[in-house]
Amino acid sequence: MKSLKIAVLAKQVPDTRNVGKDAMNEDGTINRAALPAIFNPEDMNALEQALRLKDMCPGSTVTVFTMGPERAKEIVLEGMFRGADTGYLLTDRLFAGADTLATSYALSSALRKAGSFDIIVGGRQAIDGDTAQVGPQVAQKLGLPQVTYVEEILALEEGKITLRRAITGGVETVEAPLPVLLTVNGTAAACRPRNAKLVMARKKAEVTAWSVADVDADPAQCGLSGSPTKVKKVDSISFQAKESKRCTSSDEDIRSLVEELITNHTIG
Amino acid sequence: MNWYKDTPEIKLRLENPLMKHIVELKEHGFADALKYDYAPVDVEDALDNYDRVLEIVGDISENVIAPNSEGVDRTGPSCSGGRAHYAPGTAENLEICRQAGLTAIEMPRRYGGLNMPSTIFCAASELISRADAGFQNLLGLQSCACTLYEFGTDDQRDRFITRVCNGETMSMDLTEPDAGSDLQSVALKATFDEAANCWRLNGVKRFITNGDSDIHLVLARSEEGTTDGRGLSMFIYDKREGGVTVRRIEDKMGIHGSPTCELVYNNAKAELCGDRRLGLIKYVMSLMNAARLGIAAQSVGISSAALQEALSYAADRKQFGKTIDNFPAVYEMIAMIKAKLEASRSLLYETANFVDIYKSLEDIARERTLTPEERQECKRYSRLADALTPLAKGMSSEFANQNAYDCIQIHGGSGFMRDYLCERLYRDARITSIYEGTTQLQVVAAIRYVTNETYASMVEEMLSEALPAEFASRQERLREMLAKFRAATEAVTAVKDQDWLDFQARRLVEMAAHCVMGALLLRDAAKAPELLLKSADVYLAYAAAQVEGHSSFIKSSDPAMLSNYQA
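As the structure is a computational prediction, the values presented were derived from the model and not from experiment.

Time to look at the overall build of chain B. Summing up its helical and strand segments, chain B has 19 helices and 11 strands in all. Computed over the C-alpha atoms, the radius of gyration of chain B is 23 Å, within 12% of the 24 Å expected from 2.2 N^0.38 for a compact globule of 567 residues. Each principal axis of the C-alpha atoms in chain B carries an extent, and together these give about 70 × 60 × 55 Å. Relative to its full complement of 567 residues, chain B shows a buried share of 52%. Once local pairs closer than 6 in sequence are excluded, the contacts in chain B between residues at least 24 apart make up 76%.

Right, here's the structure in full:
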């Protein structure tokens, strides 16, 4: 089989799994100093799938794309420490403040610039925004088929790929033609560790930084100006133990709980 | 979170000034930088590499091996069809370590290794052992490759070490049903098969850690008619050749992360490693020294786990209206665990540094003649390493046992239940003072350095180093301990009775160990008082009392009382 060009979309995110009381600023924005920046967990699962594709098809290359401030180059390096070949950091004041639409525009411009990829893999969603929109939007902008919620690559043949994806209540096996974009679930295999030799060889690697102009993007569609999403208000809500309520497993208790949740619009 | 980054006490030991010298010796002028993209260009670059690799180990230990450890302990390995099978968690641990490239940390780059010193391998072993001591056994057996490297031919190195670098595992097949501590009685038979132009092995080995490994180093009797160590040679058995089956695996008290196998050799094809007759007296001795250092590191890892478990439980458990770490009886136990851990650590890394210096010089000697100064240095550190290795193995393993015991004690009744990790630590720790030579055999190896003054002059030398003024009284305390140790040694040797010396040997060796470990810990505490000074003081108070106790015993005893101990 001919070697593949594989791209991984990865994001540096604040570690929202360890949120303390100082996680939010008073104005409702995230206090980045209180939350360590990490490789978005599901993007790590995506990286593993990309590296497995490379293992299946020797000679293939894996390229990491990330967008963010200068320090987000750590994401590219982290990918390279685990087996990716190279990567690009999209960094420019004009990229800042992007919602999912502007982000997918920026990423698709970079992917076009870097050449035609056979397989683009990203995590299902990032733990800061939880939108799960960027992957599908990139596919749409590049005119590629997409398979979301991927858990495992079952087969790779010339020009097509077979995948297992998670669906509500079960799994589904799908076949897709290449080129294709995949988004990967956290239930997929964990990423392999950093490799000692790769870390030593690449610790001082230069990461290519691309600006809006470098990827031939339209500044009006990037960053804040390209983002129709407007954040009206963010509340910091801490649940307290006194708000808890104990229910038994009787039909009556469950019915009254569900009714209460529907009435106060928690569900439904 | 990362165990390596969260334990500055480890990194501190790696910042020893000797490390720069070790890097220079290991890297022979940094020539590898021209050939390998991962080779360092200077000392600083190499030290940074060590740090980064240990960060990988810290991550894997905390996030892969530790979470798997309970399952591994419960499931354990299995045996069927003449083969041993790892517990699923063990297999995963091994695969992750292979992916991370950690299966040949010390081997030269030309075979695919990382060319790192033993000191770094010890730090990796400590971290892994904190997560699962049994898995550390398995991964630690990569040090067999060092023996193969030292004594094998170029061709053997090319064929076998490369495979270890690619992730294959090793074992050292020494023990037999009738040859445990007494390896001179090894009976596994090696005969030369003229027709096939190879050696054939026949017989049984027992208690072989990771005995179903890919590449075995085997001690066997090649000289017909001999009965002692001089008739034994070392062989390499390659599993790909076949001929060895696993008859059973042991149902052990602890370290379920590695299968312990009984092996049957049935005309197994093997090749000689090194010269005939030197198997035990030269090669296995070298192998054992490396293995003993490995057990010292394993013991430190177990002590480190015991400390963490004790600290977190005592800070959480409330009795009589407060958390139990507020009670003197409890915080004394925790402080003692930490003091014994830190004393073990200081000794472990000092020993590893000495090993690195002489082994690196020996390696340089394979390429060129050493200068007279280098020869002198090699000899000096080789002797010091030989002296410290049995102390490190003996004391760290005994301390690991004591620490695991106290860790359960701090947990009270809960610690007796399998719900808490301390219960496993207690079982895992127990073997450390037995295998690779019991504590009693470490005493046999160490006693000559008691009587020839090696330990005493080491301590004296350390006490002559200038430390800040506030350390003067602590140094004085060590001087008093040293004087008692010397007086006790003199009193025992003056009798000129071997049985008497053997009887008192453990006491004398422990006195030496307390002086050496006290001096080393004090030196390290002077570098980072915020991390270690309290532990150094706790240790010195304990060590002084131990030395006093042994001194008093020796003073008040005489050879006539030996008969009281005999049946």
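Next, the rest of the story.
Looking only at helices and strands, chain A has six helices and 11 strands in total. Taken over the C-alpha trace, chain A has a radius of gyration of 21 Å; the compact-globule value for 268 residues is 18 Å, and the two agree within 12%. Counting every position in chain A, which comprises 268 residues, the buried fraction comes to 41%. Relative to all contacts within chain A whose residues are 6 or more apart in sequence, the contacts with residues 24 or more apart total 70%.

Further remarks concern helix α11 (residues 372-411) of chain B. In this model, α11(B) (40 residues) spans 57 Å end to end at C-alpha, consistent with the 58 Å of a helix rising 1.5 Å per residue. The principal kink in α11(B), of about 25 degrees, is found at B:L388, preceding the proline B:P390 by one to four residues.

Residue and element names in this part refer to chain A. The linkage connecting L178 with the following residue, P179, adopts the cis geometry, with an omega of -5 degrees. Relative to the elements of secondary structure, P179 occurs in the loop between β9 (170-177) and β10 (180-184). Residue H265 is not a glycine yet carries a positive backbone phi of 65 degrees. One can find H265 in the segment after α6 (251-263).

Another aspect to go through is the confidence of the model for chain B. On average, residues of chain B score 97 in pLDDT, and 100% of them reach the 70 mark or higher. The complex model carries a pTM of 0.93, and its ipTM stands at 0.94.

Often, the extent of an interface is quoted as the loss of accessible area on bringing the components together. Between chain B and chain A, the contact holds 14 residues from the first and 10 residues from the second. At the level of secondary structure, the elements contributing two or more residues to the side of chain B that touches chain A comprise α3 (43-75) and α4 (88-99) of chain B. Looking at the side of chain B that touches chain A element by element, the count peaks at six residues for α3(B).

A word on the environment of B:N353. All names here are of chain B. With respect to the element layout, N353 can be found in helix α10 (residues 328-365). Distance in space between the C-alpha atoms of N353 and G549 is 32 Å, their sequence separation being 196 residues. If near-sequence neighbours (up to four positions away) are discounted, N353 is found in contact with N16, L18, I22 and T119.

This part takes up the packing of helix α5 (residues 118-131) of chain B against helix α6 (residues 133-140) of chain B. How two helices sit against one another is set out by the angle between their axes and by the gap between those axes. All names here are of chain B. Two numbers describe how α5 lies on α6: the axes approach to 6 Å, and their chain directions differ by 145 degrees. Here S125, I128 and S129 of α5 come into contact with α6, specifically with A133, F135, Q136, L139 and G140. Here the contact of α5 with α6 is composed, by residue class, of four nonpolar, four polar and no charged.

Okay, the packing of α11(B) against helix α14 (residues 439-451) of chain B next. Residue and element names in this part refer to chain B. At a minimum axis distance of 8 Å, the contact between α11 and α14 shows a crossing angle of 145 degrees. Considering only the axes of α11 and α14, their crossing is left-handed. Judged by residue contacts, A387, P390, L391, K393, G394, S397 and E398 of α11 engage T439, Q442, V443, A445, A446 and Y449 from α14. For the contact of α11 with α14, the per-class residue count stands at seven nonpolar, four polar and two charged.

This paragraph deals with the sheet that holds strand β1 (residues 5-9) of chain A. Residues and elements named next belong to chain A. Spatially, the nine strands line up as an open sheet ordered β9-β8-β7-β10-β6-β1-β4-β5-β11, and their pairing is mixed. Edge positions in the open sheet fall to β9 and β11 (208-210), since each of these has one partner strand only. Taking each pair of neighbouring strands and ignoring which way they run, the sheet shows an average axis angle of 30 degrees. Two strands pair when backbone bridges link them, and strand β7 (residues 146-157) and strand β8 (residues 160-167) are joined in this way by six bridges, in the antiparallel orientation.

Bringing the domain arrangement of chain B into the picture now. Per the domain assignment, the segments making up chain B are domain 1 (8-164 + 281-433), domain 2 (170-277) and domain 3 (439-559). Summarising the inter-unit geometry, the C-alpha centres of domain 2 of chain B and domain 3 of chain B are found 39 Å apart.

Residues A:V8, A:A106, B:L201, B:F235, B:C515 and B:V516 are the most contacted members of the largest nonpolar core, which totals 245 residues. For this core, the leading source of residues is helix α9 (residues 279-316) of chain B, giving 19 residues. When sequence neighbours within four positions are dropped, the list of residues in contact with B:V516 reads B:L347, B:L391, B:Y455, B:M458 and B:V459.

Another point: the environment of A:V174. All names here are of chain A. Counting through the fold element by element, V174 comes out in strand β9. Owing to 14 C-beta atoms within 10 Å, V174 belongs among the partly exposed residues under this scheme. With 10 residues separating them along the chain, V174 and R164 place their C-alpha atoms 6.4 Å apart. Setting aside residues no more than four positions away along its own chain, V174 makes contact with V147, L163 and R165.

Further remarks concern the environment of B:A104. Residues and elements named next belong to chain B. Topologically, A104 is positioned in the loop between α4 and α5. For the pair A104 and S346, spaced 242 residues apart in sequence, the C-alpha separation works out to 24 Å. If we skip the residues at most four places from it in the chain, A104 touches G112, G113, L114, Q142, A145, V164 and C165.

All names here are of chain A. Of all five residues in β10, four are buried, a share of seventy percent or more. Of the pairings in the sheet, the one linking strand β6 (residues 119-123) to β10 comprises five bridges and is parallel in character. When the sheet's bridge partners are listed, G122 is paired in β10 with T183.

For the rest of this paragraph, the subject is the pairing of β9(A). Residues and elements named next belong to chain A. Burial analysis of β9 places just zero of its eight residues in the buried class, a small minority of the element. Pairing of β8 with β9 involves eight bridges; the strand directions are antiparallel. Residue pairing for β9: T162 is matched across the bridge by E175. A loop of two residues connects β8 with β9, the two strands running antiparallel in sequence, and G169 in this loop sits at a positive phi of about 80 degrees.

All names here are of chain A. The terminal C-alpha atoms of helix α1 (residues 41-56), which comprises 16 residues, lie 23 Å apart, in line with the 22 Å expected from a rise of 1.5 Å per residue. Counting buried positions along α1 gives 12 out of 16 residues, so the element sits mostly inside the fold. For α1, the full list of buried residues reads P41, E42, D43, M44, N45, A46, L47, E48, Q49, A50, L51 and L53.

What counts as what
- Residues numbered from 1 in each chain as written.
- Chains lettered and ligands numbered in written order.
- Predicted model: local features only at pLDDT ≥ 70, side-chain atom pairs only at ≥ 80, totals over all residues.
- Helix = DSSP H or I, 4+ residues; strand = E, 2+ residues; numbered from the N terminus.
- Rg over C-alpha atoms; globule rule 2.2 N^0.38 Å.
- Buried ≥ 20, exposed ≤ 12 C-beta atoms within 10 Å, placed from the backbone.
- Contact = placed C-beta atoms within 7 Å.
- Expected span 1.5 Å × (residues − 1).
- Bend = angle between axes of the 7 residues up to and from the residue.
- pLDDT = per-residue confidence, 0-100.
- Axes fitted to C-alpha atoms, helices over the stretch in contact; angles between N-to-C directions.
- Nonpolar A, V, L, I, M, F, W, Y, C, P; charged D, E, K, R; others polar.
- Left-handed = near helix turned anticlockwise from the far one by under 90°.
- Pairing = 2+ DSSP bridges.
- Domains from an automatic or database assignment.
- Core = buried A, V, L, I, M, F, W, Y, C linked by C-beta atoms within 7 Å.

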